Every structure is written in C-alpha cells, then in structure tokens.
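# Descriptive analysis of the structure
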Amino acid sequence: MELDSNSVSTYQSVRVLGTRVDVITQAALEAEISARLAGARLCRVAKLNAEFLMRAADDPEFAAYLENSDLNIADGAGVVWAARFLSLPTTSRAGLRAFQVVGQALVSLVALLLRPAYCRGPLPERIPGVEALHTMLEAAVETRSPVFFFGSKAEVNQRARELLARQHPGLIIAGGCHGYQPDSEAPLRQIEASGARLLIVALGSPKQEYWIRDHGKALSTVRVAVGEGGSLDFIAGDSRRAPRWMQERGLEWLWRLLMNEDRTGRKSRPRRAWDSVPRFIWRVVVWKLRHGARQGALDAP
Ligand code: UDP
C-alpha cells in the first residue's frame, strides 16, 4: 500500500490515470458533507467521470485542480471499472504481461456488464452526480445550511430549485442564478449576499472547476462548493437519465449516444460519449502496461 502524503483528502484514495479518486460510499458522504458544512474553511468537491480523468491526464492545470480538490467522488462507472482493473496484479514476466493485461481488461469489462458488483473495490461504489446532490442537500437540511444554485439555463435553475425544495423538506434555499452571465462578478456578489454555506456550481466542466478555484476563496460564508455538471438538467426534467440497469452496467454513455442530446452548444454529448468511452478504456489499458498494477493500489489518507 502506497502512502499519499500530498493528499488533502482524509480518505483512502486510488489513482486512475494519475488522478486521485477518494474511496467513499454514499452513506459516508452525507456525514462528511455535514462535517464540512459545519467547518471553518472551504471544501471543494469534484465528481469524476472518464472525461475528467482524460482531461486531467492531458492538461496539467486541470490535474492540479483535482489534486488540490478536497473530495474527488467517483461519479462514472468507468472510474470504478478502471480502479478495479488497475488493481488486478500482473506477472513480472514481460512477454506474458501484455496478454494478461488485455485479458484482464476484457474480463473486467464483461463483468461490469454482467455482474457489476465485481468492479466494487478498491472503490466501493459509484455515486451518480444526481444522487450525490440529493445526499449533499440532506446534509444541508441536517446542518441548516443555506444552499445557492449557480448555473444552467435560468428556467432549469428555477425549476430545479422548486422541485428540490419539495423533495427536501426543511431545505433552506439561499438563492440561485443562471450560468450564462458574461459578468462573473454578478453571481459572485449574489452568492456572497445570500449567505450560502453550500454552493452548487453547474457550468459544465472545466468551467465550473475553474470558477470555484478562482472565486471560491472570495466567498466568506461558503463551506462546500461542488462542481455539479448537468444534474440540474436531470432534476428539472430537461434531460432524462438512463434506466437504472444501464447505469449499473456502466452504459450511461450508450444512453447519451442514443438519446442524441446536445444542450450546451459545445462538442455534442453523443460525440463526447463516443470519444470518452473507447478512448478511456484504451488509455487505461496502455497506462497499466506502462505503469503496472501499483497505480490501482490504495493510498492511505
Ligand atoms: N452551462 C452553464 N453555462 C455555460 C455552459 C454550461 O450554465 O456557460 C450549464 C449547462 O446549461 C448545463 C451544465 O452547465 O446545465 C452542465 O453542462 P454539461 O451537461 O455539458 O456538463 P457536464 O455534466 O458534461 O460536465
């Protein structure tokens, strides 16, 4: 077991394509967020999927953000699969190793489809973004922490807030504003004036992470800031989530491919899903061939 003394997180973690992913269950997440909301300093939370890990592997600025993030949650099934695959031991005999690694990749991918539980460990489970959001809102209810929703289209933001207030009795909504503002100071002032302790930032990645990095410290009341991605669109019903059986088998990317959604005007979702899944698998396999199985080992807190 390798020690990771640079880690800001107090959790055990694994490395996937060089990025730290924290070992945490959904059950433990609520207690962790409650503690952070009651704490004295800002905690930055990132929800990692395959696209995040590939971006971090290519972009040192994004990698640095994730390294300094306080909590890196495994959002995508691909992340859980990669951690499992990378943790499988390999032989030291060079000639055999390539065959073994390719065999492990095939077996673990088939296992993900047929018996998703096989991929649990070293990461215990994936915590899908929308579910992590509900868990954090429950922590906000418990600690009576006001929540601010920043990002998504104005009508999505408004509808999501209304629905979430109904789903979480006792939730204190400090405010909300859409994410298409040319002036970055305006939301900053609104959030500061709201007195929010939990800040949900849904601007898409990496915009939301860099916004938190650049402005988080200026927000005197915020204790937890989360890069939310597209969760508000799912909550407001603007996007439909994949059926549960597809989510469990790591097939959410296929759903996005078939649903042909493109809300943001950036590279289309189907294109992103196609780009990230086969390329991600390939990169993780090549990474293991280069670095061996130690990369999937658990790091201590
Ligand atoms: N978004 C925003 N401002 C922008 C770009 C995107 O508020 O300048 C919102 C967008 O409306 C969506 C969310 O960011 O609600 C996440 O977008 P996407 O689903 O592309 O991000 P991902 O979850 O893939 O990171």
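We now turn to the structure provided with this report. (Residues numbered from 1 in each chain as written. Predicted model: local features only at pLDDT ≥ 70, side-chain atom pairs only at ≥ 80, totals over all residues. Heavy atoms only, no water.)

Where helix α2 (residues 50-58) meets helix α3 (residues 60-68), the axes come as close as 5 Å, and the angle between the chain directions of the two elements is 120 degrees. If you check the angle between α2 and α3, you find them oblique. Remark: the crossing between α2 and α3 carries left-handed chirality. Across the interface between the two elements, Phe52, Arg55, Ala56 and Asp58 of α2 pack against Pro60, Phe62, Ala63 and Leu66 of α3. The class makeup of the residues in the contact of α2 with α3 is 6 nonpolar, no polar and 2 charged. (Axes fitted to C-alpha atoms, helices over the stretch in contact; angles between N-to-C directions. Helix = DSSP H or I, 4+ residues; strand = E, 2+ residues; numbered from the N terminus. Parallel < 35°, antiparallel > 145°, perpendicular 65-115°, else oblique. Left-handed = near helix turned anticlockwise from the far one by under 90°. Contact = heavy atoms within 4.5 Å. Nonpolar A, V, L, I, M, F, W, Y, C, P; charged D, E, K, R; others polar.)

Another point: the side chain of Ser69. Looking at the element boundaries, Ser69 is found in the loop between α3 and β5 (71-74). On the basis of relative accessible area, Ser69 is assigned to the buried category, the value being 0%. In this structure the side chain of Ser69 is engaged in a polar contact, spanning 3.2 Å, whose partner is the backbone oxygen of Arg44. (Buried < 20%, exposed > 50% of the residue type's maximum accessible area, 1.4 Å probe, protein only. Polar contact = N/O pair within 3.5 Å; in protein donor to acceptor, adjacent residues only side chain to side chain.)

With that settled, consider the pattern of salt bridges. Within this structure, the stated rule accounts for 11 salt bridges. A salt bridge links Arg20 to Asp22, with the nearest nitrogen and oxygen atoms 2.9 Å apart. Residue Asp22 is classed as buried on the basis of its relative accessible area of 1%. One salt-bridge network, held together by shared partners, links Glu61, Arg213 and Asp214. (Salt bridge = Lys/Arg side-chain N within 4 Å of Asp/Glu carboxyl O.)

One open sheet accounts for 6 strands, arranged β5-β4-β9-β8-β6-β7; its pairing is parallel. Of all the strands in the sheet, the pair left with one neighbour each is β5 and β7 (173-177). Ignoring which end each strand starts from, the neighbouring axes of this sheet average 15 degrees apart. Helix α8 (residues 185-194) rests against β6 (147-151), β7 and β8 (198-202) of the sheet, and its axis sits at about 170 degrees to β6. (Pairing = 2+ DSSP bridges.)

With that out of the way, let us pick up the nonpolar core. In terms of nonpolar packing, the biggest core is built from 50 residues, with Val16, Leu123, Phe150, Leu199, Trp211 and Phe280 touching the most fellow members. Of the residues forming this core, the biggest block, 7 residues, is contributed by helix α4 (residues 77-87). Residues in contact with Phe280, not counting those within four places in the same chain, are Val16, Leu17, Ala50, Leu53, Met54, Gly78, Val79, Trp81 and Ala82. Of all hydrophobic cores here, the second largest spans 32 residues; its members include Leu29, Ile73, Leu171 and Ala236. (Core = buried A, V, L, I, M, F, W, Y, C linked by side-chain atoms within 4.5 Å.)

Our focus in this paragraph is the pairing of strand β2 (residues 13-16). Burial of the side chains of β2 extends over both faces: Ser13 and Arg15 are buried on one face and Val14 and Val16 on the other. In this sheet, strand β3 (residues 19-22) lies alongside β2 in antiparallel orientation, the contact comprising 4 bridges. Residue pairing for β3: Ser13 is matched across the bridge by Asp22. Joining the antiparallel neighbours β2 and β3 is a turn of 2 residues, in which Leu17 adopts a positive phi near 50 degrees.

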